[in-house]
Amino acid sequence: VERLVVVTVLEPLRQEWAQVQATAERLKEEGRTKEAVAAVRTFHDKLCNTRVLDPACGTGNFLYVAMELMKRLEGDVLEAIADLGGQEALGLERQSIDPHQFLGLEVNARAAAIAELVIWLGYLQWHFRTKGGPPGEPILRDFGNIRHMDAVLTWDGYPLPKVVAGPSGSRVETLPGAKRPDWPEAEFIVGNPPFIGGKDIRANLGNVYAETLWAVHEEVPDSADFVMYWWDRAASLLTANGTVLRRFGFVTTNSITQVFSRRVVARHLEAKKPVSLLMAIPDHPWTKQSSDHAAVRIAMTVACAGKHDGVLRKVVSEAGLDTDEPAIELSASQGRINADLTVGVDVTAAHELRANEGLCSPGVKLHGAGFIVTPDEAARLGLGRRPGLERHIRHYRNGRDLTGTPRGVMVIDLFGLDAEAVRQRFPEVYQHVLEHVKPERDANNRQSYKDNWWVFGEPRKELRPALGGLPCYIATVETAKHRTFQFLDASILPDNKLVCIGVDDALVLGVLSSRIHNIWTLRNCGWQGVGNDPVYVKSRCFDPFPFPLPPEPLKARIRAVAEE
């Protein structure tokens with residue numbers, strides 16, 4: 001994986017060398033050998049001053065691969081000079097590709113030290129293999145090329161956080177003096193930034209760090225994956241005035257194609273000073289050679305400044321992912337690569353339609369397992385005895401209920417009631433929620449969840465009017481290998497992992513179940529999980545979808561089939 005990205009990023013060096021070789025051959029044929037040698041020496045000087053940066057270098061794998069590839073290229077250059085001038089090559093011993101050109105940023109001090117050692121070991125092994133002896137003294141030098149630092153956030157020491165205004169007037173803590181750190185200048189950037197999903201940043205990195213990160217990187221959506229902060233910074237450097245950066249390439253999670261992460265890519269592709277994707281692989285296994293977790297799916301992207309076509313590679317077959325020699329076959333297609341890592345028509349550019357507004361929403365998000373009860377528990381809480389409770393204890397379905405056998409559970413839905421009304425009208429329910437939900441809510445980071453502990457964390461007030469008065473509605477599982485739609489009775493409350501459409505017309509069910517809508521969905525959806533299953537994203541799959549207006553006889557046929 002590292003080699004595939006690094007080879008593409010460093011491709012300009014190989015292309016330039018091919019041009020220099022052709023020039024040198026022509027000069028040699030014309031009897032201008034000294035000029036030929038000078039051209040090759042000039043390229044060698046440039047090669048020895050080319051820098052590669054990995055801003056999340058870990059233990060240095062990407063930098064090691066980059067150095068190996070550049071040393072191989074240097075070997076070709078030295079061989080060409082020897083062929084042209086014999087002893088002329090000896091003069092180049094004073095300058096050579098060495099560790100000072102391979103720069104790294106790493107937040108883990110131990111990993112940073114290992115990365116520096118890995119680069120030096122690789123350099124010394126290469127020297128012994130090609131020169132037959134040790135390099136000149138001092139053998140090891142402190143170039144300071146691997147820095148122990150956070151690549152996306154820096155702040156003024158470690159004093160107490162400061163409190164600033166947050167969303168909707170809330171107060172949040174951020175680190176004082178926080179800003180984006182400067183990255184060392186480099187002609188090429190490669191790397192594999194940390195895999196943390198956008199929804200997991202707060203849990204993994206802490207409240208204060210997360211709030212500071214979001215405040216400093218205002219142009220990156222808060223829900224974007226953590227790796228996108230590296231992608232955004234590298235893309236900004238590509239088009240900055242006076243930049244020396246020529247290309248960058250990152251391994252990211254394959255969720256780079258999902259909505260919030262995709263927006264980061266789209267903003268740079270569509271900017272006044274755009275960048276282009278030269279190579280992309282949207283979905284690739286993270287093999288045993290690269291990780292202990294063979295089931296992880298990744299994406300690879302290589303970008304440069306300007307408008308250019310690229311090569312989109314897709315995995316055709318894969319086998320032996322848990323072995324040391326995985327067999328992965330890739331296909332290739334050329335063209336302008338879109339932000340969703342496709343070539344051709346950019347369907348993600350479709351706008352949401354007014355006709356679909358307010359019809360589709362995820363189901364409720366509980367934020368409290370105590371809301372779920374069995375029918376027997378519901379009876380003990382007063383269902384069937386307390387008037388009106390049937391509107392607040394309802395049948396409940398999640399994704400597994402729809403794709404497998406329903407659990408037969410119910411859920412306490414107190415939306416629209418304040419705590420005192422619940423206590424007076426449904427005391428058993430109040431006591432149950434007080435004991436089984438409130439302790440979990442008290443530990444939640446969001447103040448509104450603590451304050452409104454008796455109500456779902458996300459009660460979906462926008463969904464309820466859409467379902468009001470309907471005998472049934474359409475639902476699909478948000479993340480599923482096979483996309484199916486079905487009617488659910490209006491008495492059933494849907495879970496957050498169900499996407500619901502407030503329509504009871506079988507014509508709409510038939511259109512959603514059609515091959516055309518399935519193709520549309522697969523081009524717009526995200527991808528998630530070990531099985532790399534498609535995610536039905538409401539804002540991209542449903543809201544922009546143009547429903548057809550078939551003639552009445554065809555409507556009747558579609559309704560009949562959908563009802564069946």
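Analysis parameters
Numbering of residues starts from 1 in each chain and follows the order in which that chain's sequence is written. Thresholds applied to this predicted model are a pLDDT of at least 70 for local features of residues and 80 or more for the giving and counting of side-chain atom pairs; totals over whole chains, interfaces and linings are not thresholded and use all residues. Side-chain measures here rest on the full set of heavy atoms in the structure, leaving out hydrogens and waters. Secondary structure counts use DSSP, requiring at least four H or I residues in a row for a helix and at least two E residues in a row for a strand, with both numbered from the N terminus. Partly exposed describes any residue whose relative accessible area lies between the buried limit of under 20% and the exposed limit of over 50%, with all areas from a 1.4 Å probe on protein chains only and scaled to the type maximum. Note on contacts: a residue pair qualifies if any of its non-hydrogen atoms lie within 4.5 Å across the two residues. Helix axes are fitted only over the stretch in contact, all axes being lines through C-alpha atoms; the angle between N-to-C directions runs from 0 to 180 degrees. For classification, angles of less than 35 degrees are called roughly parallel, those exceeding 145 degrees roughly antiparallel, those between 65 and 115 degrees roughly perpendicular, and all remaining angles oblique. Handedness of a crossing is defined here by the sense of rotation of the near helix relative to the far one, left-handed for an anticlockwise turn of less than a right angle and right-handed for a clockwise turn. Nonpolar residues are Ala, Val, Leu, Ile, Met, Phe, Trp, Tyr, Cys and Pro. Charged residues are Asp, Glu, Lys and Arg, and all others, Gly as well, are polar. Definition of a polar contact: a pair of N or O atoms within 3.5 Å, with one able to donate and the other able to accept a hydrogen when the atoms are protein atoms, and with sequence-neighbouring residues admitted only if both atoms are side-chain atoms. Residue types Ala, Val, Leu, Ile, Met, Phe, Trp, Tyr and Cys, when buried and joined through side-chain atoms within 4.5 Å, form a set referred to as a nonpolar core. In short, DSSP must find at least two bridges between two strands for them to pair. In this analysis, a patch consists of residues with relative accessible area above 30% that form no salt bridge, clustered at 9 Å for like charges and at 5 Å for the nonpolar side chains Val, Leu, Ile, Met, Phe, Trp and Tyr. For the accessible areas, the method is Shrake-Rupley and the probe is 1.4 Å, while residue cover comes only from the protein chains on display. Counted as salt bridges are all cases of a side-chain nitrogen of Lys or Arg within 4 Å of a carboxyl oxygen of Asp or Glu. In this tally Asp and Glu are treated as negative and Lys and Arg as positive; neither His nor the chain ends contributes. Charged side chains are reduced to one point each, which is NZ for Lys, CZ for Arg, CG for Asp and CD for Glu. Any two of the Phe, Tyr and Trp rings considered here, Trp counted by its six-membered ring, make a pair once their centres fall within 6.5 Å; the pair's planes then place it as stacked at under 30 degrees, edge-to-face at over 60, or tilted in between.

A closer look at the overall build of the protein chain
Secondary structure assignment for the protein chain yields 20 helices and 21 strands. Each principal axis of the C-alpha atoms in the protein chain carries an extent, and together these give about 100 × 65 × 45 Å. Residue burial in the protein chain is summarised as follows: out of 564 residues, 48% are buried. Sequence separation of at least 24 residues holds for 71% of the intrachain contacts in the protein chain that already meet a minimum separation of 6.

Describing the packing of helix H4 (residues 61–85) against helix H5 (residues 109–131)
Between H4 and H5, whose axes approach to 10 Å, the crossing angle comes to 25°. Comparing the axis directions of H4 and H5 gives the class roughly parallel. Relative to H5, the crossing made by H4 is right-handed. Side by side, H4 and H5 meet where Leu63, Tyr64, Met67, Lys71, Arg72 and Leu78 of the first sit next to Val118, Ile119, Gly122, Tyr123, Gln125, Trp126 and Lys131 of the second. Residues that form the contact of H4 with H5 fall into these classes: eight nonpolar, two polar and three charged.

Concerning the side chain of Thr301
Summarising the element assignment, Thr301 is placed in strand E9 (residues 297–305). Only 2.9 Å separates the side chain of Thr301 from the side chain of Trp231, close enough to count as a polar contact. Not counting residues up to four positions away in its chain, the partners in contact with Thr301 are Trp231, Phe248, Gly249, Phe250, Ile256, Leu277, Met279, Ala280 and Leu341.

Quick word on the nonpolar core
If you look at the biggest cluster of nonpolar residues, it comprises 47 residues, and the most contacted ones within it are Leu10, Val52 and Phe102. Those elements giving two or more residues to this core turn out to be helix H1 (2–9), helix H2 (11–29), helix H3 (33–47), H4, H5, strand E6 (188–191), strand E8 (275–285) and E9. Per element, the largest residue contribution to this core is twelve residues, and it comes from H4. Once you skip the residues sitting within four places of it in the chain, Phe102 turns out to touch Val52, Leu63, Ala66, Met67, Met70, Ile97, Ile119, Asn145 and Ile146. Among the nonpolar cores identified, the runner-up in size contains 44 residues, and Ala151, Leu153, Leu213 and Leu238 belong to it.

Comments concerning the pairing of E9
Within a regular strand, the side chains alternate between the two sheet faces. Within E9, eight of the nine residues are buried, leaving the element largely enclosed by the surrounding structure. Both strand E7 (residues 247–253) and E9 contribute to a ladder of six bridges, which runs antiparallel. Paired with Thr252 across the bridge in E9 is Ala299. Of the strand pairs in this sheet, E8 and E9 are connected by eight bridges, and their pairing is antiparallel. Along E9, the bridge assignment pairs Leu277 with Ala303.

Here we look at a negative patch on the surface
A cluster of like negative charges, contributed by Glu25, Glu29, Glu79 and Asp83, occupies part of the molecular surface. Contributing elements (two or more residues each) for the negative patch: H2 and H4. Since its relative accessible area comes to 45%, Glu25 is described here as partly exposed.

Quick notes on the environment of Phe226
Mapped onto the elements, Phe226 comes out in the loop between helix H7 (207–216) and helix H8 (227–238). The contact partners of Phe226, leaving out residues within four places of it in the chain, are Val152, Pro194, Ile196, Ile201, Leu205, Tyr209 and Leu213.

Re the packing of aromatic side chains
Centre distance and the angle of the planes are the two values used to describe a pair of aromatic rings. Following the criterion strictly, the structure yields 15 aromatic pairs and no others. Their ring planes at 25° and their centres at 5.4 Å tell us that Trp17 and Phe43 sit as a pair that is stacked. Here the residue Trp17 occupies a position in helix H2, and Phe43 occupies one in helix H3, the gap between them amounting to 26 residues. Judged on exposure class, the residue Trp17 and its partner Phe43 are both buried. Joined through ring pairs, the aromatic side chains of Trp520, Phe542, Phe545 and Phe547 make up one cluster.

Quick notes on the pairing of E7
The buried count for E7 comes to seven of seven residues, which makes it a mostly enclosed element. Note: E6 against E7, four bridges, orientation parallel. Counterpart to Val190 in the pairing with E7 is Gly249.

Just geometry here; none of it tells us what the structure is for.
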